[in-house]
Amino acid sequence: MSADAKVIEMTATENNPARGLIYEENLLWEKDRSDTPGVDLPASEGLASRTGVKARGDIGLPQVSEPQALRHFVKMSTWNYSIDHGFFPLGSCTMKHNPRLNEKLARLPGFAHIHPKQPASTVQGAFKVMHELQNWLGELTALPGICLAPAAGAHGELAGIMTIKRAHEQKGDTRRKIILTPDSSHGTNPATAVMCGYQVRSIPTKEEGRLSVESFKEALYATSEDGSDIAGMMVTKPNTCGLFETNIQELADLLHEAGGYFYCDGANFNALVGKVRPGDFGVDVMHINLHKTFSTPHGGGGPGSGPICCTEELAQYMPVPTVIEDNGDFRLEWEEDRPTTLGRLKGFQGQFGMHVRALAYMYSHGSDGLKQVSEDAVLSANYVLSELSDDYYAPYGGPCMHEAMITDKNQKEAGVTTLDIAKGLCENGYHPMTVYFPLVLPGTMLIEPTETESKDAIDGFITVMKNFAKDVRDGDVEKFHNYPTSTPRRRLDEVKAARNPVLRWK
Ligand SMILES: *Cc1c(COP(=O)(O)O)cnc(C)c1O
């Protein structure tokens, strides 16, 4: 292959008029030319280098010019599909538009240029922002104990379950070894419980897509008469089938009677915010994904932000720090102030830039605007579900909450699976939905359009999906197995890629 980029022509399709050039890009090592250094200064006579730094060639970096290096990274950056590129219906991930107003505020020098080791008296404004965010989260969840520190949703889960564990331990209750969670739960739920040393008991929800009181009771009392070996339950609300758990208050009461705590995975708070307060239906502790519900950016590894909110009872055990107001001054509350805390889970105060963005989002929407966010998110998902349910199998009917679940049941017999449909979406310029999750049924597809997409954008996606179903009905299925064909990389052997990854260039 030549050192120059190879160009592939991508053709437009009927539903997606995009047409463009997609660049192949070699590794910088393949462009390495020791005779063309990026900076070309004449050798200085009779002077040794005073920098103490070796020449680039010696420290193992490729020798390329500045434009070569620049183009290399800029081209690769165009390979990242993002919410700023287009529709991103990844269920459970709430890939919604990140308002640029939030970005503008997070970049104000007074926010962007401060350091966590500055004296508290010089960062009162920043603490006030965090305090205000705590107040809003407390108000929206009806859970007044807030710790903003956790760095993501999964980290918030860890913080929440450690809080529950700490509470049982401080009460001297050491019999509780089990965490209950429905079989539709996000993988981070059972993983968190196990990391905290608990056994996981899974509750089947396949029939209804929801927890039933009977199956919950069965799990609660399976190994003890009164549920006294249950530490708590982890339930996502709405659940990962996009459904509201209709029995939740009754389940919470049964759990509390047995002495367990209710952990709510709040990643889907997008569907409830401004409408329902989790503390009102019995939640003891939950995490909030600021990078989902409150529109701070996510993907690409972070930074996210997963604050936890808990009851007054549990607040004494949750991690530090929390911002408190002390005689008119704001400061961080640490272990010295709250000896019952489980301690620190993160350096300093958490992802402050995300706190600014989330509060900006809350202020710009107001309480009525946040309510509309969840109403519109639910409306968008129900539109998708109703448009697609003639063509695709919708196991739990409707209405749904903020995401629509379908499966490949109607297409599978003709040999077209969820994977083929996902690859076909790539071919047509759409990021696929979440596939094969939740695990309750085979071939699930979880679609979350979010409230920020226009009807036109959603219609474009629906049209592609409807055309797929029609192609399958017409027997035009061969192409599905080759999708995608116009991307730089075609259908990969994903099993081989996962089992034998080639991570080193030779
Ligand atoms: C996204 C998500 C999580 C994990 O959040 P991260 O910020 O990715 O760690 C947990 N549970 C559910 C239901 C989610 O959608």
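What counts and what doesn't
- Residues numbered from 1 in each chain as written.
- Predicted model: local features only at pLDDT ≥ 70, side-chain atom pairs only at ≥ 80, totals over all residues.
- Heavy atoms only, no water.
- Buried < 20%, exposed > 50% of the residue type's maximum accessible area, 1.4 Å probe, protein only.
- Helix = DSSP H or I, 4+ residues; strand = E, 2+ residues; numbered from the N terminus.
- Arc of directions from axis to C-beta.
- Contact = heavy atoms within 4.5 Å.
- Pairing = 2+ DSSP bridges.
- Right-handed = clockwise from strand over helix to strand, strands pointing away.
- Near = heavy atom within 4 Å.
- Polar contact = N/O pair within 3.5 Å; in protein donor to acceptor, adjacent residues only side chain to side chain.
- Areas by Shrake-Rupley, 256 points an atom, 1.4 Å probe, with all protein chains shown as cover.
- Nonpolar A, V, L, I, M, F, W, Y, C, P; charged D, E, K, R; others polar.
- Axes fitted to C-alpha atoms, helices over the stretch in contact; angles between N-to-C directions.
- Core = buried A, V, L, I, M, F, W, Y, C linked by side-chain atoms within 4.5 Å.

Chemist: Which parts of the structure should I look at to understand helix 8 (residues 213-220)?
Modeler: Given 3.6 residues per turn, any residue in an α-helix points the same way as the ones three and four places further on. Among the residues of helix 8, those classed as buried are V213, S215, F216, A219 and L220. Buried residues along helix 8 cover an arc of 165° about the axis, so they all sit on one side. Opposite the packed face of helix 8, turned more than 90 degrees from it, sit the exposed residues E214 and E218. As for helix 8, its buried residues are in contact with strand 4 (178-182), strand 5 (199-203), strand 6 (230-236) and helix 9 (248-257).

Chemist: Explanation requested: the pairing of strand 6 in the structure shown.
Modeler: In summary, the side chains of a regular strand alternate between the two faces of the sheet. Of all the seven residues making up strand 6, seven are buried; the element is thus mostly covered by neighbouring parts of the structure. Across five bridges, strand 6 lies against strand 7 (residues 261-266) in parallel orientation. Within the sheet, the bridge partner assigned to G232 lies in strand 7 and is Y261. In the classification by handedness, the crossover that spans strand 6, the intervening helix 9 and the parallel strand 7 is right-handed.

Chemist: Honestly, the site of the ligand in this entry has me stumped. Any pointers?
Modeler: Taken together, the neighbourhood of the ligand is formed by 13 residues, with S92, G153, D265, H291 and K292 sitting nearest. A distance of 2.8 Å separates an oxygen atom of the ligand from a polar side-chain atom of K292. Protein coverage of the free-state accessible area of the ligand, which is 380 Å², stands at 86%. If you tally residues by element for the shell around the ligand, the top one is helix 6 (residues 153-170), at three residues. Looking at the shell around the ligand residue by residue, the classes come out as three nonpolar, seven polar and three charged.

Chemist: What should I look at first to understand helix 13 (residues 418-427) in this one?
Modeler: Among the ten residues that make up helix 13, eight are buried, leaving the element largely enclosed by the rest of the structure. Listed as buried for helix 13 are T418, D420, I421, A422, K423, G424, L425 and E427. Buried residues in helix 13 make contact with strand 13 (434-435), strand 14 (444-447), helix 14 (455-473) and helix 15 (494-499). In the segment just after helix 13, G429 is the residue with positive phi, at about 85°.

Chemist: Got a minute to help me understand the sheet that holds strand 9 (residues 308-310) in this structure?
Modeler: Backbone hydrogen bonds hold the strands of a sheet together, and the pairing may be parallel or antiparallel. The mixed open sheet is built from seven strands, whose spatial order is 3-9-8-7-6-4-5. Each of the sheet's edge strands pairs with one partner strand only, and the pair in question is strand 3 (145-147) and strand 5. The sheet shows a mean angle of 20° between the axes of neighbouring strands, taken without regard to direction. Direction of pairing for strand 4 relative to strand 6: parallel, over a ladder of three bridges. Bridging across to strand 6, I179 finds its partner in G232. Running at roughly 175° to strand 7, helix 6 makes contact with strand 4, strand 6, strand 7, strand 8 (285-288) and strand 9 of the sheet. Seen against the sheet, helix 7 (residues 188-195) touches strand 4, strand 5, strand 6 and strand 7 and runs at an angle of roughly 155° to strand 6.

Chemist: Is there a simple way to think about the nonpolar core in this case?
Modeler: Looking at soluble globular proteins, one finds that nonpolar side chains tend to be buried together. Core analysis: the largest hydrophobic core is formed by 58 residues, its most contacted members being L137, L180, F216, F262, F294 and M362. Considering every element that reaches this core, the biggest residue donor is helix 11 (residues 352-388), with nine residues. The contacts of F294, once residues within four sequence positions are left out, are L137, L140, F269, V273, I288, N289, A358, Y361, M362 and L370. In this structure, F461, V464, F468 and F480 belong to the second largest nonpolar core, which totals 28 residues.

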